[in-house]
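Analysis of the macromolecular model
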Amino acid sequence: MTEKPDKSIRKGIYILPNLLTTGALFSGFSAIVQATKGNFEVAAILIFIAMVLDGLDGRVARMTNTTSEFGIQYDSLSDMVSFGLAPALVVYEWSLFSMGKIGWLAAFIYAAATALRLARFNTHAADEKSYFQGLPSPSAAGILAAFIWVVNDYGTVSYTHLRAHETYLLISYDFFCL
């Protein structure tokens, strides 16, 4: 007589990677909320927490053999919020808003480039190429979050100088990912 695996345990295993993805999504959303309140250091830390959770969700899904098309798409949507919208809006609130339309445009281009990068990755994932194209979205978000965190902790010489570097970081990522 063969024993059937407990369905509740199997269902729990399927939920685990999606809970990690939801945690990453929550961290990205919380980073946006904290930026609107002026808590930029907390916002940067939340982006890093999203990076850790994003790294774990795929690993857990592969270890438990619970990968699915739903999980892949959900992860991409979470990545767009956590590594596209959150960094763009945190940077905008932190320093680019005073640049007017140029700052708004730089933040938008970053978010749009992240969406394009994720869409390209999803459509070419099945090709399984031996090389990687572009800069991964979490890495770009990590660079921006680290920049904000360090400058917030140690200060800066000139706010205008800082905005110029920040705009450069945003736009250079856009060219890396396309």
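Preceding this section is the structure that the text describes.
Criteria and thresholds
- Residues numbered from 1 in each chain as written.
- Predicted model: local features only at pLDDT ≥ 70, side-chain atom pairs only at ≥ 80, totals over all residues.
- Heavy atoms only, no water.
- Helix = DSSP H or I, 4+ residues; strand = E, 2+ residues; numbered from the N terminus.
- Buried < 20%, exposed > 50% of the residue type's maximum accessible area, 1.4 Å probe, protein only.
- Contact = heavy atoms within 4.5 Å.
- Polar contact = N/O pair within 3.5 Å; in protein donor to acceptor, adjacent residues only side chain to side chain.
- Expected span 1.5 Å × (residues − 1).
- Axes fitted to C-alpha atoms, helices over the stretch in contact; angles between N-to-C directions.
- Parallel < 35°, antiparallel > 145°, perpendicular 65-115°, else oblique.
- Left-handed = near helix turned anticlockwise from the far one by under 90°.
- Nonpolar A, V, L, I, M, F, W, Y, C, P; charged D, E, K, R; others polar.
- Patch = residues over 30% accessible without salt bridge, like charges linked within 9 Å, V, L, I, M, F, W, Y side chains within 5 Å.
- Areas by Shrake-Rupley, 256 points an atom, 1.4 Å probe, with all protein chains shown as cover.
- Salt bridge = Lys/Arg side-chain N within 4 Å of Asp/Glu carboxyl O.
- Phe/Tyr/Trp six-rings, centres within 6.5 Å; stacked < 30°, edge-to-face > 60°.
- Core = buried A, V, L, I, M, F, W, Y, C linked by side-chain atoms within 4.5 Å.

**Some thoughts on the overall build of the protein**
In terms of helices and strands, the protein carries 6 helices and 0 strands. Sequence-ordered secondary structure for the protein, helices as α and strands as β, is α-α-α-α-α-α. For the protein, the residues scored as buried account for 40% of the 178 residues in total. When contacts within the protein are restricted to residue pairs at least 6 apart in sequence, long-range pairs at least 24 apart make up 77% of them.

**Concerning the side chain of Thr 66**
Looking at where Thr 66 falls in the secondary structure, it is placed in the loop between helix H2 (40-63) and helix H3 (69-96). A polar side-chain atom of Thr 66 sits 2.8 Å from a polar atom in the side chain of Thr 64.

**What about H2?**
Since there are 3.6 residues in each turn of an α-helix, residues three or four apart along the chain are aligned in direction. The first and last C-alpha atoms of H2 sit 35 Å apart over 24 residues, in line with the 34 Å expected at 1.5 Å per residue. Listed in full, the buried residues belonging to H2 are Phe 40, Ala 43, Ala 44, Leu 46, Ile 47, Ala 50, Leu 53, Asp 54, Asp 57, Gly 58, Val 60 and Ala 61. Asn 65 occupies a position one or two residues after H2 and carries a positive phi of about 55°.

**Thoughts on the packing of H2 against helix H5 (residues 137-154)**
It is at 9 Å that the axes of H2 and H5 come closest, and there the two elements cross at 150°. Between H2 and H5, the angle falls in the class roughly antiparallel. Seen along the crossing, H2 lies across H5 with a hand that is left-handed. In this structure, H2 uses Phe 40, Glu 41, Ala 44, Ile 45, Ile 47, Phe 48, Met 51 and Asp 54 to contact H5, whose residues at the interface are Pro 138, Ala 141, Gly 142, Ala 145, Ala 146, Ile 148, Trp 149, Asn 152 and Asp 153. Here the contact of H2 with H5 is built from residues that sort into 12 nonpolar, 2 polar and 3 charged.

**Observations concerning helix H4 (residues 101-124)**
A rise of 1.5 Å per residue sets the reference length of H4, with its 24 residues, at 34 Å; its end C-alpha atoms lie 34 Å apart and thus fit the reference within 8%. Taken together, the buried positions of H4 are Gly 103, Ala 106, Ala 107, Tyr 110, Ala 111, Ala 113, Thr 114, Arg 117, Leu 118 and Arg 120.

**Quick notes on the side chain of Ser 27**
Relative to the helices and strands, Ser 27 resides in helix H1 (residues 7-36). Other than its neighbours up to four places away in sequence, Ser 27 contacts Leu 46, Ile 49, Ala 50 and Leu 53.

**A closer look at a nonpolar patch on the surface**
A cluster of nonpolar residues, Trp 104, Leu 105, Phe 108 and Ile 109, forms a patch on the protein surface that exposes about 400 Å² of accessible area. As for its position among the elements, Trp 104 is in helix H4.

**A short note on the packing of aromatic side chains**
Evaluated as defined, the whole model comprises 4 aromatic pairs. A ring pair is formed by Phe 70 and Tyr 74, whose centres lie 5.8 Å apart and whose planes are at 20°; its orientation type is stacked. One end of the pair, Phe 70, and the other, Tyr 74, are both in helix H3, 4 residues apart, so they sit about a helical turn from each other. The exposure class assigned to Phe 70 is exposed, which follows from its relative accessible area of 56%. Seen from their ring centres, Trp 104 and Phe 108 are 6.0 Å apart, and the 10° between their planes marks the pair as stacked. With Trp 104 and Phe 108 both in helix H4 and 4 residues apart, the pair spans about one turn of that helix. Residue Trp 104 is classed as exposed on the basis of its relative accessible area of 51%.

**Examining the nonpolar core**
Ranked by size, the top nonpolar core spans 32 residues in total, and within it Ala 31, Phe 40, Ile 47, Val 90, Tyr 110 and Ile 148 carry the most contacts. Among the elements of the structure, H1, H2, H3, H4 and H5 are those that each provide at least two residues to this core. Beyond its immediate stretch of four places on either side in the chain, Ile 47 contacts Ala 31, Ser 82, Phe 83, Ala 86, Pro 87, Val 90, Ala 141 and Ala 145.

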